[in-house]
Amino acid sequence: MAVVLLIGTVFVSVYLAAFHAPRPHELRVGTTEVGTHQAHMREGLARAIPGGFTLETYPDESAARRAVQDRSVYAAYLGRGRLLYGSANGASVTATVTTAFGSVAHAEHHDLSVQDVAPAAAGDTRGLSVFYAAFGLVLAGYLFGMTTYQVAPQLQYRWRMASLALFGAVGGVLVTTIAGSTGFGALPGPFLPLALVAALTGAAVGGTTMVLLRLFGSAGVSLASILLLILGNSSSGGIMPAAYLPGWLRPLSEILPVGIGVRAMQGLSRFQHDGLTRALVILPVWVLGAALVLYLKDVFRRATPTVVAEQAEPQPAAT
């Protein structure tokens, strides 16, 4: 009872801390304005949301447009009330940037004119589908990692790793088939890269759960649920970008597998492959790290006592 209540308390606390009253912290935005115009714009943004934005300057409209499309920034103000934004970032980001820059345009005596240069997918009008797809994938990885030792505690290491690889591959294909262009159209990116990122994410979560279970026993199940299901999903950026999270939660989006996978899947679908390189580097590190720890725990330490015992056995005297 105590363990279950603890996990429930952590879940409620983390999600309420993250989403009960979200506001941006240094949300990246851009502008082509310079000089006095930019100074006035900075003052207007600071009045709208103190500490809410960090500003990048671009030489022309084309550079600013590319920055929004590859998610280097979440919106770009071109002056005279013109704003570029991406609805694929979700309703919260859209509301934030249009409200803040609406005040800037009003101060310049212009009506705000917006242009959506990174539109949401037809099957994902609110930008939340990637969160639900990732949540299901993380849940499946957690359950796989938890049950593999319960169902087959004596399974040889090579077969356990083969089952982890098979789980990741099949899970990646299933998630991409359901959420991608062949299914709901929520993740309309290229099938194979999406499936690869989803597979690596699922394998990283499954492998990490296995490691926590082997290192901490039954307590590892609770640790995995807190780390991966609660902290991982809440910091993933699937509901809203990491810039909206509390400072203590924000760094996890750059470390834990689900946040890395979500960003890459969003990038493949709407933001010119943003986050893909990072995912292809960091997610395999999680998988290989888990495989190494499990090898040391299940193979190396099991074999060492056998070798020592054999060396200690008395040898028959020579005749």
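What you see is a predicted model; the values in this text were computed from it and never measured.

Reading the values: the criteria
Residues numbered from 1 in each chain as written. Predicted model: local features only at pLDDT ≥ 70, side-chain atom pairs only at ≥ 80, totals over all residues. Heavy atoms only, no water. Helix = DSSP H or I, 4+ residues; strand = E, 2+ residues; numbered from the N terminus. Buried < 20%, exposed > 50% of the residue type's maximum accessible area, 1.4 Å probe, protein only. Polar contact = N/O pair within 3.5 Å; in protein donor to acceptor, adjacent residues only side chain to side chain. Contact = heavy atoms within 4.5 Å. Pairing = 2+ DSSP bridges. Right-handed = clockwise from strand over helix to strand, strands pointing away. Axes fitted to C-alpha atoms, helices over the stretch in contact; angles between N-to-C directions. Parallel < 35°, antiparallel > 145°, perpendicular 65-115°, else oblique. Left-handed = near helix turned anticlockwise from the far one by under 90°. Nonpolar A, V, L, I, M, F, W, Y, C, P; charged D, E, K, R; others polar. Phe/Tyr/Trp six-rings, centres within 6.5 Å; stacked < 30°, edge-to-face > 60°. Expected span 1.5 Å × (residues − 1). Arc of directions from axis to C-beta.

Draft legend 1. Focus on the environment of Thr 125. Following the sequence through the fold, Thr 125 ends up in the loop between strand S5 (113-116) and helix H5 (129-151). Residue classification places Thr 125 among the exposed positions, given a relative accessible area of 66%. Between the C-alpha atom of Thr 125 and that of Ser 87, which follows or precedes it by 38 residues, the distance is 8.3 Å.

Draft legend 2. Quick peek at the side chain of Thr 94. Looking at the element boundaries, Thr 94 is found in helix H4 (residues 91-107). Overall, the relative accessible area of 19% leaves Thr 94 in the buried class. Reaching out from Thr 94, the side chain makes a polar contact with the backbone oxygen of Gly 90 at a distance of 3.1 Å. If sequence neighbours within four positions are ignored, Thr 94 has contacts with Tyr 85, Gly 86 and Ser 87.

Draft legend 3. Geometry of the pairing of strand S2 (residues 53-57). Where strand S1 (residues 27-31) lies against S2, 5 bridges are found, and the strand directions are parallel. The residue of S2 that forms the bridge with Arg 28 is Thr 54. As a crossover connection, the stretch from S1 through helix H2 (residues 35-48) into S2 is right-handed.

Draft legend 4. Molecular detail of the pairing of strand S4 (residues 82-85). Summarising the sheet, strand S3 (residues 75-79) and S4 pair through 4 bridges and their orientation is antiparallel. Its bridge partner lying in S4, Ala 76 is registered against Leu 84. Here S4 runs beside S5; their pairing, made up of 4 bridges, is parallel. Counterpart to Leu 84 in the pairing with S5 is Gln 115. Traced from S4 through H4 to S5, the parallel crossover comes out right-handed.

Draft legend 5. Spotlight on the sheet that holds S2. Strand order in the open sheet formed by 5 strands is S2-S1-S3-S4-S5, with mixed pairing between adjacent strands. Both edges of this open sheet fall to S2 and S5, since each of them pairs with a single strand only. For this sheet, the mean inter-axis angle between neighbouring strands, taken without regard to orientation, is 25°. Taken strand by strand, helix H3 (residues 61-69) contacts S3, S4 and S5, and its axis lies near 35° from that of S4. With respect to the sheet, H4 is in contact with S1, S2, S3, S4 and S5, its orientation differing from that of S4 by roughly 165°.

Draft legend 6. Region of interest: the packing of H2 against H4. Relative orientation of the contacting elements H2 and H4 amounts to 135°, with a least axis distance of 9 Å. Comparing the axis directions of H2 and H4 gives the class oblique. In this structure, the crossing between H2 and H4 has a hand that is right-handed. Between H2 and H4, the contacting residues are Met 41, Gly 44, Leu 45 and Ala 48 on the first element and Ala 100, Phe 101 and Val 104 on the second. Classifying every residue of the contact of H2 with H4 gives 6 nonpolar, 1 polar and no charged.

Draft legend 7. Spatial organisation of the packing of aromatic side chains. Overall, the coordinates contain 8 aromatic pairs when judged by the stated rule. Ring geometry for Phe 131 against Tyr 132: centres 5.4 Å apart, planes inclined by 70°, an arrangement best described as edge-to-face. A relative accessible area of 55% places Tyr 132 in the exposed class. Between the aromatic rings of Phe 131 and Phe 135, the centroid separation amounts to 6.0 Å while the plane-to-plane angle is 55°, which identifies the pairing as tilted. A residue pair is termed a helical-turn pair when its members lie 3 or 4 positions apart in one helix, as Phe 131 and Phe 135 do in helix H5 at 4 residues. Taking relative accessible area as the criterion, Phe 131 reaches 9% and is therefore assigned buried. On the accessibility criterion, Phe 135 (28% relative accessible area) is partly exposed.

Draft legend 8. Quick look at unusual backbone geometry. Of note, His 109 is a non-glycine position whose phi angle comes to about 65°, a positive value. Here His 109 is to be found in the loop between H4 and S5.

Draft legend 9. Expanded view of helix H1 (residues 2-19). Between its terminal C-alpha atoms H1 stretches 26 Å, which fits the 26 Å expected from 18 residues at 1.5 Å a residue. Those residues of H1 that sit buried are Val 10, Val 14, Tyr 15, Ala 18 and Phe 19. End-on view of H1: buried residues confined to an arc of 120°, all on one side of the axis. Turned more than 90 degrees from where H1 packs its buried face, Ala 2, Leu 5 and Leu 6 sit exposed.

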